[in-house]
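# Observations on the model geometry
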2 protein chains.
Amino acid sequence: MMTIKRHLLLISNSTLHGGGYLEHCKEHIQTFLGSKVKRVLFVPYALHDRDAYAKTARHKFEKLGYTLDSIQESPDPVDAVQKAEAIFIGGGNTFRLLKALYDNGLIPAIKKKVFEDGVPYIGSSAGTNVATISINTTNDMPIVFPPSLQALGLVPFNINPHFLDQDANSKHMGETREQRISQYHEEPNTPPVLGLREGSLLLVEGDRATLLGITRARLFLRGHSPTEHEPGEDFSFLLNQI
Amino acid sequence: MMTIKRHLLLISNSTLHGGGYLEHCKEHIQTFLGSKVKRVLFVPYALHDRDAYAKTARHKFEKLGYTLDSIQESPDPVDAVQKAEAIFIGGGNTFRLLKALYDNGLIPAIKKKVFEDGVPYIGSSAGTNVATISINTTNDMPIVFPPSLQALGLVPFNINPHFLDQDANSKHMGETREQRISQYHEEPNTPPVLGLREGSLLLVEGDRATLLGITRARLFLRGHSPTEHEPGEDFSFLLNQI
Ligand SMILES: [Ca+2]
Ligand SMILES: [Ca+2]
C-alpha cells in the first residue's frame, strides 16, 4: 500500500482576539515543522501589499527559529515551490489568493510538493480554504474572478474558517453562517464542510486528521444535522471519502 | 438626446428585523409600480425551493394589488421576460441567482426589457446585486460558479446590500464589511460601491437616483475615504460615470 506523504496544518485564523499574529498557534507550528525544517516559503498573495505582509510573517517565523522566504521575492515562483522545505500560505482575500495561485501556475506545483515530496503545508484562513477541495465555503467577498473555485485539493472536503455561531441578539437579517453552509449543501454532490471556529486547527498527517486548538468545530454533512466536535477528536474519516 | 428608459427600485433587504416579508418597503413598491402595472414577473432563482419562494412572494404582491407570475412556472423564461410588465428578482444566494440568469439566457433579455422597453425592475438583496455592474460586492458564499461575475449592469456601479457597520464589541477577527470593500478597491479600475444598510433603497428613474428608506447609506469611492448619506439624497452622479 502506498503511503500518503501529506503533512498539513490548517489554521482557522491568523490572529485571535487580544493576541498577536500567529501567537495562539505558535507551539503548534513549531511542533508541526519540527527541527528538520530550516526555511519556510511564504505565499502572501491573499493581501494586496505582499512586501508588508512578508515582513510581518518573517518577523514571526524568525522568532520561532525559521528563515522565511517570501515567494514574490523570487523571480520564478514555481521554482521557489520546487525548492521549498515547507510552505505557508497566509490569510486575506481567498478569491485574490486563488486567482494568483492559478496565474502563477502554482496549483500543480504545490500539490506535487505536498503529495509526492511530503513537504509540510501550513495554511491560515484563506490559506486553509485553498488547501481544501474548493473555495466554495470561503467567507470572503469575490473581489476578483479566479478561473475556477477548485483549489489545491489537499483534502477532499471543505473548510469554513472563522466559523461563527448565530448571534441571538443580532437584528441583522443577512444569512447566518450556518444558513450559508446549508445553502451550499442544497447543491448536488457537495462534500462535507468543517466549520473551524477561531482558535481551531486541523492537523493532517498522511491519512489521519485531528482537531487541535481551544474551540470546538462544527461539522456539516449534506443531508444530515450538523454535529459538534471537541479538540483532540479524530477526523480521519473525512479523508476517506470519494 | 436619447432618454434612458430605466426604472429601478433596488432594495437592500427583503425583511427588516421584526417585520414581515417586504413589509418595510411595501409603500415604495406600490408607488414605484403605480396603477398601470397589473402583473409582476418574479424571479426566485436565488433560493433552492423556487415554488415555495414564489408562494411567499405571490402572497405579498397579491395583498398589494398585483398578480404575480413566477418565472419557473413558464416553459420559456426568455419569453416570460419579453412579455413582462414588471420584473422582481428576490434575494437569497447571489452566485446561485447569477448562474441561473446566465444558464437561462436572461441577462440580455432583462437588460433589453429595462433599457429599451422601460419595464420597471425591483431587486432585493441578491436581486439588487445582480442589477448592478457585477456581483463583486455580494456578501454571499460562492456555493456555485457562474460563468462571470459581470451582472445585468443596469447601473454602472456596485451595491453592497445588508451593509453592516463594525461591531466595536465583537471579538471576531474576520474582516469587517468595510475592510472587504476596501480590499475590492485595492484592485485596479473598480467602480464605486454603495453600501445600503438594511432599511435602505435606491430609486433610479432614468438618469436620476435617490436614496429612500429609513437608514443612511455609506459610499465607497476608490482612493477616497467613505462618506455617509441621508435618505432623500441625490445619487444621480453615480449614474454618469463611464
Ligand atoms: Ca478573509
Ligand atoms: Ca444573500
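Described in the following lines is the structure provided in the data block. Here the structure is a predicted model, which is why all the values come from computation and not from measurement.

### A word on the coordination of the calcium ion (ligand 1)
Taken together, Gly92(A) (O), Asp140(A) (OD), Asp140(A) (OD), Glu175(B) (OE) and Glu175(B) (OE) make up the full set of protein donors to the calcium ion (ligand 1), lying 2.3 to 2.8 Å away. With Gly92(A) in the loop between strand E4 (87–89) and helix H4 (94–103) and Asp140(A) in the loop between helix H6 (126–129) and strand E6 (158–163), the pair connects residues that are 48 residues apart, well separated along the chain. With a relative accessible area of 6%, Asp140(A) lands in the buried category.

### Some points on the layout of surface pockets
Of the volumes computed, that of the second largest pocket is approximately 210 Å³. A breakdown of the residues in the lining of the second largest pocket according to their chemical character gives eight nonpolar, six polar and one charged.

### Looking at the sheet that holds strand E11 (residues 227–229) of chain A
All names here are of chain A. Overall, mixed pairing links the four strands, which are arranged E6-E7-E10-E11 in an open sheet. Edge positions in the open sheet fall to E6 and E11, since each of these has one partner strand only. Each strand axis lies, on average, 25° off the axis of its neighbour in the sheet, ignoring direction. Direction of pairing for strand E7 (residues 193–197) relative to strand E10 (residues 217–220): antiparallel, over a ladder of four bridges. For Leu194, the partnering residue across the bridge sits in E10 and is Leu219. Helix H7 (residues 177–184) rests against E6, E7 and E10 of the sheet, and its axis sits at about 170° to E6.

### Re the relation of the copies chain B and chain A
The operation relating the pair of chain copies consists of a rotation about an axis and a translation along that axis. Relative to chain A, chain B is turned by 180° and slid 0.0 Å along the rotation axis, the superposed coordinates differing by an RMSD of 0.0 Å. Such a turn and shift between the copies fits a two-fold axis. Looking at the interface residues of chain B, 100% of them are also at the interface in chain A, so both copies use one shared face.

### Considering the interface of chain B and chain A
Across the contact, 41 residues belong to chain B and 41 residues belong to chain A. Contact between chain B and chain A buries roughly 3500 Å² in total, counting both sides, with carbon and sulfur atoms accounting for 59%. Three residues stand out in chain B for area buried against chain A, namely Met141(B), Phe145(B) and Met173(B), and they jointly supply 20% of the buried area on that side. Between chain B and chain A we count six salt bridges in total. Taking the shortest distance from any N to any O, the salt bridge between Arg96(B) and Glu186(A) comes out at 2.8 Å. Taken together, the links from chain B to chain A amount to 20 residue pairs in polar contact (both at pLDDT 80 or more).

### Let's talk about the side chain of Arg218(B)
All names here are of chain B. Residue position: Arg218 is located in strand E10 (residues 217–220). For Arg218, a relative accessible area of 17% gives the class buried. There is a polar contact of 2.9 Å between the side chain of Arg218 and the side chain of Glu178. Within the structure, Arg218 has its side chain in polar contact with the side chain of Glu228 (distance 2.7 Å). Look past the residues within four positions of Arg218 in its chain and what remains in contact with it is Phe163, Glu178, Val193, Leu194, Gly195, Arg197, Pro226, Thr227 and Glu228.

Criteria and cut-off values
- Residues numbered from 1 in each chain as written.
- Chains lettered and ligands numbered in written order.
- Predicted model: local features only at pLDDT ≥ 70, side-chain atom pairs only at ≥ 80, totals over all residues.
- Heavy atoms only, no water.
- Donors = N, O, S within 2.8 Å, 3.2 Å for Na, K, Ca; no water.
- Helix = DSSP H or I, 4+ residues; strand = E, 2+ residues; numbered from the N terminus.
- Buried < 20%, exposed > 50% of the residue type's maximum accessible area, 1.4 Å probe, protein only.
- 1 Å grid on protein atoms, 1.4 Å probe; cavity = no way out; pocket = protein on both sides within 12 Å on 5 of 7 lines; lining within 4 Å.
- Points joined across faces, edges and corners; volume = space filled by probe spheres on them.
- Nonpolar A, V, L, I, M, F, W, Y, C, P; charged D, E, K, R; others polar.
- Pairing = 2+ DSSP bridges.
- Axes fitted to C-alpha atoms, helices over the stretch in contact; angles between N-to-C directions.
- Contact = heavy atoms within 4.5 Å.
- Least-squares fit on C-alpha atoms with pLDDT ≥ 70 in both.
- Buried area = accessible area lost by both parts, 1.4 Å probe.
- Salt bridge = Lys/Arg side-chain N within 4 Å of Asp/Glu carboxyl O.
- Polar contact = N/O pair within 3.5 Å; in protein donor to acceptor, adjacent residues only side chain to side chain.

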